[in-house]
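# Notes for the structure review
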Amino acid sequence: MNGFVWIDIVLFTILAATAVGLARTRQLFAAAMLSGLFSLTSACIFVLQDAVDVAFTEAAVGAGMTTVLFLGTLALTRSREKVTPPRRSIPAALIAIFTGGVLIYASTDMPPFAAADTPVQQHPLTQRFLDDSMTEIGVPNVVTSVLASYRGYDTLGETVVVFTAAIAVLMLLGRGRPATSAEPKPREALPQPIQHDQRVLRVVSKLMLPFILLFALYVQFHGDYGPGGGFQAGVIFASGLILYALVFGLDAARAAVSPAALRRMVPLGVLIYAGVGFATLLLGGAFLDYNVLDAHDPAHGQHLGILLVELGVGITVTAAMLMLFYSFAARGVGR
Amino acid sequence: MIASHYNYWIAVVLLMIGLYVVMSHSNTIKKLIGLNVFQVAVFMLYISLGKIEGGTAPIVDAAFTVYSHPLPHVLILTAIVVGVATTALGLALVVRIHEAYGTTDEDEALIADRREAERT
């Protein structure tokens, strides 16, 4: 038994306790904060299991973005839930226990955790990705080369999903004005500028802001060599601007990055990504086959293609995340 | 058995908690929080399948020879970002339901619907 097992046990205990806590509490505000803690703890577990890119994303998305969206919704709705009656909880508990029992029974058939002879590790693709990607693509971070090159179609699809979700939220919540003007008294919304007595918060967040944005750019452009890439960078960039909006007010953030610019940036990223695909088609290759981007050196073409594609992902994710936040926040201001 | 399978079991336990919250609670915001827990449980199962004993993160370097499988990482990385986008869509629907019914509780919204149907 090595030290990792003990770290595992501690993290799993925190994770399970957090999950039970957020299931039991009737304060939705507390549940939203606990779900942030839940994401952060699971990110630590992902690091232990060597999934550094995933941990990065989970920490930025789960603990940052999702929590902010939940809080934005709670500011617009009610933050207490009523008692769950036994007629709902008992059947649900029975179904959950039954499902869990079946899954645990099935898991006894699974290979031991981290074994080297599992079907996952024995699959020919494993060696292809790990051994040949350095010569075929020349990018040390295999996650990046699989994400942007080997499975480039997949990632294009995911980027389009983010684009679609942003458009759908924009349709549902509009640009911030509620459909009915006969609303009751204006409510305390999330991004009111924090009062002047919170001077420490304002100074500290202003000092941190350039570093957050610079770090996002580093994650964007260093994703080939270390953990990172367009998805993570986009979320970190957006969180930096959301921090600005939370501390200095929505109007200040809108003056810095206008909603109109965001509405252009969301499709722009998808267009850059798909545009690279069409460029490779025109150069005589297959869709998203970056080898043809450089006639003399295929590996250089791969580098160029991955850089452009990750840039497209980063632009769409940044703009979509920020637009989601604006939609929720502006809905509260308009009331 | 315990030492070699507890990673899978913790994912199952989290999945059960998430499933219970989604099914038992009538508050739609709480349902979405439960859905997030469920989602993370699935992510953990996937990531644990890619782990290999003595391996390191799949970033090629001359100092290492054993790496964890990169494919589950790629799939889950994009799934997380798609997950936040769908959560945001769900929350936008909750906001609209609250504006239309004055509640985020699905039972109360259904009762309000039934009353309106009786009136007309």
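Everything discussed here concerns the structure shown above.
Please read all numbers here as calculations on a predicted model, not as lab measurements.

Here is what the cut-offs are and how they apply
- Residues numbered from 1 in each chain as written.
- Chains lettered and ligands numbered in written order.
- Predicted model: local features only at pLDDT ≥ 70, side-chain atom pairs only at ≥ 80, totals over all residues.
- Heavy atoms only, no water.
- Helix = DSSP H or I, 4+ residues; strand = E, 2+ residues; numbered from the N terminus.
- Buried < 20%, exposed > 50% of the residue type's maximum accessible area, 1.4 Å probe, protein only.
- Contact = heavy atoms within 4.5 Å.
- Polar contact = N/O pair within 3.5 Å; in protein donor to acceptor, adjacent residues only side chain to side chain.
- Salt bridge = Lys/Arg side-chain N within 4 Å of Asp/Glu carboxyl O.
- Patch = residues over 30% accessible without salt bridge, like charges linked within 9 Å, V, L, I, M, F, W, Y side chains within 5 Å.
- Areas by Shrake-Rupley, 256 points an atom, 1.4 Å probe, with all protein chains shown as cover.
- Buried area = accessible area lost by both parts, 1.4 Å probe.
- Nonpolar A, V, L, I, M, F, W, Y, C, P; charged D, E, K, R; others polar.
- Phe/Tyr/Trp six-rings, centres within 6.5 Å; stacked < 30°, edge-to-face > 60°.
- Core = buried A, V, L, I, M, F, W, Y, C linked by side-chain atoms within 4.5 Å.
- Expected span 1.5 Å × (residues − 1).
- Bend = angle between axes of the 7 residues up to and from the residue.

## Some words on the environment of His25 of chain B
For His25 of chain B, the position within the fold is in the loop between α1 (2-24) and α2 (28-50). For His25 of chain B, a relative accessible area of 5% puts it in the buried group. For His25 of chain B and Leu14 of chain B, which are 11 residues apart along the polypeptide, the C-alpha to C-alpha distance reads 16 Å. Apart from the residues lying within four places of it in its own chain, the contact partners of His25 of chain B are Ala23, Glu81, Thr84 and Arg88 of chain A together with Tyr20, Lys30 and Lys31 of chain B. At a separation of 3.0 Å, a polar atom in the side chain of His25 of chain B contacts the side chain of Glu81 of chain A. A distance of 3.4 Å separates the side chain of His25 of chain B from the side chain of Thr84 of chain A, its partner in a polar contact.

## A closer look at the pattern of salt bridges
Scanning the entire structure with this criterion turns up 11 salt bridges over all chains. Across the pair Asp105 of chain B and Lys82 of chain A runs a salt bridge whose closest N-O atoms are separated by 3.8 Å. Here Lys82 of chain A lies in the loop between α3 (52-76) and α4 (86-107) and Asp105 of chain B lies in the loop between α3 (70-101) and α4 (106-119), a pairing that spans two chains. Note on Lys82 of chain A: relative accessible area 35%, which makes it partly exposed. In this structure, Glu106 of chain B and Lys31 of chain B form a salt bridge, with 3.6 Å as the shortest nitrogen-oxygen distance.

## Remarks on a nonpolar patch on the surface
Residue and element names in this part refer to chain A. Together, Leu214, Leu217, Phe221, Leu304, Leu307 and Leu308 make up an exposed nonpolar region whose accessible area comes to about 520 Å². Every element with two or more residues in the nonpolar patch is listed here: α9 (199-221) and α13 (298-333). Relative to the elements of secondary structure, Leu217 occurs in helix α9.

## Regarding the interface of chain A and chain B
Taken together, the contact between chain A and chain B spans 97 residues of the former and 79 residues of the latter. Across the chain A/chain B interface, buried area totals approximately 8000 Å², and carbon plus sulfur atoms make up 74% of it. Interface area lost by chain A to chain B is led by Asp50, Arg88 and Phe113 of chain A, which between them contribute 9%. Where chain A packs against chain B, one counts 7 salt bridges. A salt bridge links Lys30 of chain B to Glu81 of chain A, with the nearest nitrogen and oxygen atoms 2.9 Å apart. At the boundary of chain A and chain B, one finds 31 residue pairs in polar contact (both at pLDDT 80 or more). Here the side of chain A that touches chain B is built from residues that sort into 62 nonpolar, 19 polar and 16 charged.

## So, the packing of aromatic side chains
By the definition in use, this model includes 8 aromatic pairs over all chains. Considering the side-chain rings of Phe12 of chain A and Tyr6 of chain B, the 6.0 Å spacing of their centres and the 80 degrees angle between planes classify their relative orientation as edge-to-face. You can see Phe12 of chain A sitting in helix α1 (residues 3-24) and its partner Tyr6 of chain B sitting in helix α1, one on each of two chains. Here Phe12 of chain A matches Tyr6 of chain B in class, with each residue buried. What links up through ring pairs into an aromatic cluster is the set Phe56, Phe215 and Tyr218 of chain A.

## As for the nonpolar core
Ranked by size, the top nonpolar core spans 104 residues in total, and within it Met321 and Phe328 of chain A together with Met44 of chain B carry the most contacts. It is α13 of chain A that contributes the most residues to this core, 15 residues altogether. Beyond its immediate stretch of four places on either side in the chain, Met44 of chain B contacts Phe12, Leu15, Ser42, Ile45, Phe46 and Gln49 of chain A together with Ile10 and Leu14 of chain B.

## Points about the side chain of Gln220 of chain A
On the secondary structure map, Gln220 of chain A appears in helix α9. With relative accessibility at 11%, the residue Gln220 of chain A sits in the buried group.

## Focus: α9 of chain A
Residue and element names in this part refer to chain A. With 23 residues, α9 extends 34 Å from end C-alpha to end C-alpha; this agrees with the ideal 33 Å at 1.5 Å per step. A bend of about 30 degrees at Met208 is the largest found in α9, and the proline Pro210 appears one to four places after it. Burial in α9 covers these residues: Arg202, Ser205, Leu209, Ala216, Val219 and Gln220.

## Focus on the side chain of Ser68 of chain B
Looking at the element boundaries, Ser68 of chain B is found in the loop between α2 and α3. On the basis of relative accessible area, Ser68 of chain B is assigned to the buried category, the value being 0%. At 2.7 Å, the side chain of Ser68 of chain B and the side chain of Asp50 of chain A are in polar contact. Residues within four places of Ser68 of chain B in sequence aside, it is in contact with Gln49, Asp50 and Leu130 of chain A together with Gly50, Lys51, Ile52, Thr56, Pro58 and His73 of chain B.

## Quick look at the environment of Thr87 of chain B
Topologically, Thr87 of chain B is positioned in helix α3. For Thr87 of chain B, a relative accessible area of 6% translates into the label buried. Once the C-alpha coordinates of Thr87 of chain B and Ile29 of chain B are considered, the two residues, 58 residues apart in sequence, prove to be 10.0 Å apart. Apart from residues no more than four positions distant in its own chain, Thr87 of chain B is found in contact with Thr66 and Phe70 of chain A together with Leu32 and Asn36 of chain B. A polar contact of 2.8 Å, which involves the side chain of Thr87 of chain B, links it to the backbone oxygen of Gly83 of chain B.

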